[in-house]
Amino acid sequence: MARGERRRRAVPAEGVRTVERAARGGPGRRDGRGSGPRSTAGGVALAVVVLSLALGMSGRWVLAWHRARRAVTLHSAPPVLPADSSSPAVAPDLFWGTYRPHVYFGMKTRSPKPLLTGLMWAQQGTTPGTPKLRHTCEQGDGVGPYGWEFHDGLSFGRQHIQDGALKLTTEFVKRPGGQHGGDWSWRVTVEPQVRASGHPFLTTMSSGPPTQDCPC
């Protein structure tokens with residue numbers, strides 16, 4: 001009987017321990033202990049990544065804003081030249097000139113809204129397909145050598161441009177007078193280097209008569 005009583009008493013004790021484990025969370029608590037640190041670490045890593053991206057984007061925006069502000073902020077010192085220093089009334093000999101960059105030949109005025117002139121040409125039959133138009137100086141054009149042979153920076157200039165079998169010569173002259181920087185004229189001469197008959201010929205193109213006091 002004593003043994004039977006001990007067995008019967010063990011059953012409630014086991015039941016009590018089961019109830020206590022259920023009240024404490026039991027197996028679910030053990031699972032929570034296993035997944036809690038992992039989920040917390042994942043959230044922290046995600047927050048760090050988002051914060052790094054936000055800081056990087058904001059840093060780029062701040063840098064771009066700072067550079068733009070520096071580019072448009074004028075110096076507090078007075079201007080070295082007056083606003084009309086490039087006008088034809090102040091500097092008529094410098095109003096017109098070969099001031100156009102990145103083109104083989106071009107002229108413009110020194111004014112906020114200048115009148116632009118330039119040169120374009122193409123060779124037909126030299127290569128298959130559509131002829132390539134020459135205007136801007138490009139490294140892949142295969143044009144060269146080219147450059148000014150004479151230029152005084154004011155009133156005249158001459159340059160040679162070699163484009164395959166063509167030799168182009170550009171010339172311009174300018175004379176003072178009037179109220180808009182004087183008159184100017186330019187001429188382009190094209191000379192093929194080789195012909196089937198062995199005799200070269202010349203083709204001359206001109207801008208026409210000198211401009212008469214162009215109101216630019």
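What counts and what doesn't
- Residues numbered from 1 in each chain as written.
- Predicted model: local features only at pLDDT ≥ 70, side-chain atom pairs only at ≥ 80, totals over all residues.
- Heavy atoms only, no water.
- UniProt positions renumbered as here; feature names shortened; annotations may be inferred.
- Helix = DSSP H or I, 4+ residues; strand = E, 2+ residues; numbered from the N terminus.
- Buried < 20%, exposed > 50% of the residue type's maximum accessible area, 1.4 Å probe, protein only.
- Contact = heavy atoms within 4.5 Å.
- Areas by Shrake-Rupley, 256 points an atom, 1.4 Å probe, with all protein chains shown as cover.
- Pairing = 2+ DSSP bridges.
- Salt bridge = Lys/Arg side-chain N within 4 Å of Asp/Glu carboxyl O.
- Patch = residues over 30% accessible without salt bridge, like charges linked within 9 Å, V, L, I, M, F, W, Y side chains within 5 Å.
- Lys, Arg positive; Asp, Glu negative; His and termini not counted.
- Polar contact = N/O pair within 3.5 Å; in protein donor to acceptor, adjacent residues only side chain to side chain.

Identification of the chain as Mannosyl-oligosaccharide glucosidase from Macaca nemestrina is taken from an unreviewed UniProt entry. Recorded in UniProt under Pathway (unreviewed entry), the annotation for the chain is "Glycan metabolism; N-glycan degradation." You can read under Subcellular location (unreviewed entry) in the UniProt record for the chain the words "Endoplasmic reticulum membrane".

*Asks:* Can you tell me about the overall build of the chain, naming the residues and giving the values?
*Replies:* Across its full length, the chain carries two helices and eight strands. For the chain, the N- to C-terminal ordering of α and β elements is α-α-β-β-β-β-β-β-β-β. For the chain, with 216 residues in total, the buried portion stands at 22%. By sequence separation, contacts in the chain at least 24 residues apart represent 36% of the contacts at least 6 residues apart. Of the roughly 15,700 Å² that the chain leaves accessible, carbon and sulfur atoms contribute 62%.

*Asks:* Account for the sheet that holds strand 3 (residues 117-118), with residues named and values stated.
*Replies:* Spatially, the three strands line up as an open sheet ordered 1-2-3, and their pairing is antiparallel. The open sheet is flanked by strand 1 (96-97) and strand 3, the only strands paired with a single partner. Here two bridges tie strand 1 to strand 2 (residues 106-109), and the two strands are oriented antiparallel to one another. Among the inter-strand pairings, Trp96 is bridged to a residue of strand 2, identified as Thr109.

*Asks:* So what's going on with the UniProt feature "transmembrane region" (unreviewed entry) in the chain? Residues and values would help.
*Replies:* Following the UniProt record, the feature "transmembrane region" (unreviewed entry) maps to residues 39-63 here. Annotated as residues 39-63, this span is 100% helix and 0% strand, and its ends, taken at the C-alpha atoms, are 36 Å apart.

*Asks:* Provide a residue-level description of the pairing of strand 2, including the pertinent values.
*Replies:* With burial as the criterion, each face of strand 2 is covered, one bearing Gly106 and Lys108 and the other bearing Met107 and Thr109. Two strands pair when backbone bridges link them, and strand 2 and strand 3 are joined in this way by two bridges, in the antiparallel orientation. Bridge assignment links Gly106 to a residue of strand 3, and that residue is Gly118.

*Asks:* How would you sum up the pattern of salt bridges? Please name residues and give values.
*Replies:* According to the stated counting rule, one finds six salt bridges in the structure shown. For Glu149, the salt bridge is made with Arg158, and the minimal N-O distance between the two is 3.2 Å. Between Glu171 and Arg187 there is a salt bridge, with its nearest N and O atoms 2.9 Å apart. In this pair, Glu171 is assigned in strand 6 (residues 166-175) and Arg187 in strand 7 (residues 183-192), connecting sequence segments 16 residues apart. Linked through salt bridges whose partners overlap, the residues forming this network are Lys132, Arg134, Asp141 and Asp163.

*Asks:* Which residues make up a nonpolar patch on the surface, and what values go with them?
*Replies:* Among the surface-exposed residues, Phe150, Phe156 and Val173 lie close enough to one another that they form a single nonpolar patch of about 280 Å² accessible area. One can find Phe156 in strand 5 (residues 156-163).

*Asks:* Describe the side chain of Lys174, with residues and values.
*Replies:* Relative to the helices and strands, Lys174 resides in strand 6. No salt bridge is formed by the buried Lys174; the nearest opposite charge belongs to Asp93, separated by 7.0 Å. Polar contacts involving the side chain of Lys174 include one to the main-chain carbonyl oxygen of Trp96, which spans 2.5 Å. Looking at Lys174, its side chain comes within polar contact range of the main-chain oxygen of Leu154, at 2.7 Å. Setting aside residues no more than four positions away along its own chain, Lys174 makes contact with Asp93, Trp96, Leu154, Ser155, Gly181, Asp183 and Trp184.

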